[in-house]
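# Secondary and tertiary structure notes
Here is how the chains run, residue by residue.
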Amino acid sequence: MLCHLRLLSSLVRGSKARPTGKALPRPQLRAASRTFTVKVAEKEPEYHTGGNMVGYHVFHRQAPYKFRNGGEIPELQIAYETWGHLNAKRDNAILLQCGMSASSHACSHARNPAPGWWEDYIGPGRPLDTNLFFIICTNNLGGCYGSSGPSTIDIRTGRPFGSKFPRFEVHDQVAAQMMLLDHLGIDKVHACVGSSLGGMQSVCAAGDFPDRIGKMVSISACAKSFPGSIAFRHAQRQAIMSDPNWNGGEYYDKVLPADGLRLARQLGTITYRSGQEWQQRFGQNLAKGVDDRWGQGLKNEFQIEAYLSHQGNKWVNAYDPNSMLWISKAMDGFSMEKPDKNGKMSLVEGLKDAMMPALVIGVQHDVLFPVWQQKEIADTLRLAGNKRVVYYELDSVYGHDSFLLDAVSIGPAVKGHLEQEPGGARHIWEDLASSAVGFLQASAGRASTADSMRDMFRALAQGSELVERDRLKSVLKLVWSGKVDEVAVDKAFELHQPEMDLTEFMQMRQALEAAKTEVFLP
């Protein structure tokens, strides 16, 4: 059945792919190196939609939602978007878990055509293949793009929660996602896939809800926050909280703490990228329009300064400062540790039930989540007894943001993990193949034999005069299944050349019609 579907997909792909182009000569390679700045600038990630927040759905739980620490909100809202189609068995869903400041808009779709933050990863044939999977992405609990957070209205007061929004944990964010899955009627996802905070959530989901996760992918994340990451996020929070306009978190009907937000984003950007990339991209080059350093005073004079200022300005009126504070505190306190039999806190104990196939990816130049933390996830899963753990370590110059910028390196690994057995996509391909065969047979049955055979040939030929004999034979076996024995089809084709034209193909119709009455013994 798998080979049948691959054949059917060839109807769309057309003729065989042919290698094109040649290796770049050395001078062109040097020229390509000089365009590094332009190439990266074109790929700068947009982790939100710049205010174009349309086309998402909202799961609205009109009942109190209680956090693990005892805090509670009177109702829960989780914004989410989907791509692809949920199959009849409801077993082809992938939960895409996102970073701290991301919206649910991971990819463009009819309801919102703006490019999403994982645009290169989602779609037909892509790592998260919408021909196979039903992709779900949420805006995190605590966020500001449709999910419950400090900026949402407290129905008890009619005003934004502000500083009264309870503190929560990464575990609470994942539990809210599981409630969304319940709402959608999905008992178990094919996989959870996450990067950065989303990668932490993927590890958390695998440990807290192992019976609901088929596979796990964690990129540039950790199983327990370490002091270096906490220190960076602390500095970001101090930047916001030191802005007088923050006003203890009560600024929604007042002046936005824009200066603090700008600085927090600049600090964050330093941790998201790598010094190696910036050396290649900026070096000590002067900013655009700066000819005389000494006439600048203390204004931005270098490209890197202008870049950081630009990144800070992009966050103003695009991300809520309180969301950054609350979510970053949840990240700081994250740990999958549980007490072992001796009462000692242990990651192995916390992940002992996460036995699903796991892919863990780290980046050597990651400043925010050092690569040893991803290695720790993989090692811990193996120590806990998981025999299906794959660990990749990339040398991408993009640092922590590699999951946004380096789809060439990360995408194939993710796609392979999601689709390979065990627990892969074979059963989904087989279901699709069965449906496609039924459709072909039903379509052929509504037309005359001659018309259906002409349509088959033209669909395979796609404008060419000749079609490979074996492709024609395979399609006829599908369409005539149950009417003519496969032996008869083989016999009808055996005297023909490797490629056939329409006239030769139509001449076989009489032999196939006659074969309907023949009996072929095994």
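A brief report on the enclosed structure follows. Just so you know, the residues in each chain are numbered from 1, in the order the chain's sequence is written. Where totals are concerned, whole chains, interfaces and linings use all residues; where local detail is concerned, this predicted model gives features only for residues with pLDDT of at least 70, and gives and counts side-chain atom pairs only at 80 or more. Each side-chain value is derived from all of the structure's non-hydrogen atoms; neither hydrogens nor water enter the calculation.

### Things to note about the sheet that holds strand β11 (residues 191-195)
If you walk across this open sheet you meet the eight strands as β1-β4-β8-β5-β11-β12-β15-β16, and the pairing is mixed. Each of the sheet's edge strands pairs with one partner strand only, and the pair in question is β1 (57-61) and β16 (389-394). On average, adjacent strands in this sheet sit at an angle of 20 degrees to one another, irrespective of strand direction. As paired elements, strand β12 (residues 216-219) and strand β15 (residues 358-363) share four bridges and run parallel to each other. Think of it this way: DSSP has to see at least two bridges between two strands before they count as a pair. The helix and strand labels rest on DSSP assignments: H or I over at least four residues marks a helix, E over at least two residues marks a strand, and numbering proceeds from the N terminus. Geometry is summarised by axes, namely lines fitted to C-alpha atoms with helices restricted to the contacting stretch, and by angles between N-to-C directions that run from 0 to 180 degrees.

### Points about unusual backbone geometry
Residue Pro 422 follows Glu 421 across a cis peptide bond; omega there is 5 degrees. For Pro 422, the location among the structural elements is in the loop between α14 (407-419) and α15 (426-446). Residues other than glycine seldom take positive phi values, yet Ser 220 does so here, at roughly 50 degrees. Here Ser 220 lies in the loop between β12 and α6 (227-241). The exposure class of Ser 220 is buried, given its relative accessible area of 0%. We note that Gln 462 has phi near 50 degrees; this positive angle belongs to a residue other than glycine. Position of Gln 462 relative to the elements: it lies in the loop between α16 (449-461) and β17 (467-468). For the exposure calls, accessible area comes from a 1.4 Å probe over protein chains only, and a residue counts as buried if that area is under 20% of its type's maximum, exposed if over 50%, partly exposed in between. Overall, Gln 462 belongs to the partly exposed group, its relative accessible area being 44%.

### Looking at the environment of Phe 133
Take Phe 133: it is sitting in the loop between β7 (128-129) and β8 (134-138). Each C-alpha atom of the pair Phe 133 and Ile 428 lies 8.5 Å from the other, and the pair is 295 residues apart in sequence. Note on contacts: a residue pair is in contact if any heavy atoms of the two residues lie within 4.5 Å. Residues contacting Phe 133, with those up to four places away along its chain left out, are Trp 83, Gly 84, His 85, Asn 92, Ile 94, His 190, Leu 418, Glu 419, Ala 425 and Ile 428.

### As for the pattern of salt bridges
Think of a salt bridge as a Lys or Arg side-chain nitrogen and an Asp or Glu carboxyl oxygen that are within 4 Å of each other. According to the stated counting rule, one finds 23 salt bridges in the structure shown. In this structure, Asp 154 and Arg 156 form a salt bridge, with 2.9 Å as the shortest nitrogen-oxygen distance. Among the residues examined, Asp 154 registers a relative accessible area of 7% and is labelled buried. According to the relative accessible area criterion, Arg 156 is exposed, its value standing at 56%. A salt bridge links Asp 259 to Arg 262, with the nearest nitrogen and oxygen atoms 2.8 Å apart. Placement of both Asp 259 and Arg 262 in helix α7 (residues 258-272) is noted, with a separation of three residues, approximately one turn of the helix. We classify Asp 259 as exposed; its relative accessible area is 55%. Salt bridges here are not isolated pairs; linked through shared partners, they connect Arg 273, Glu 277, Arg 281 and Asp 401.

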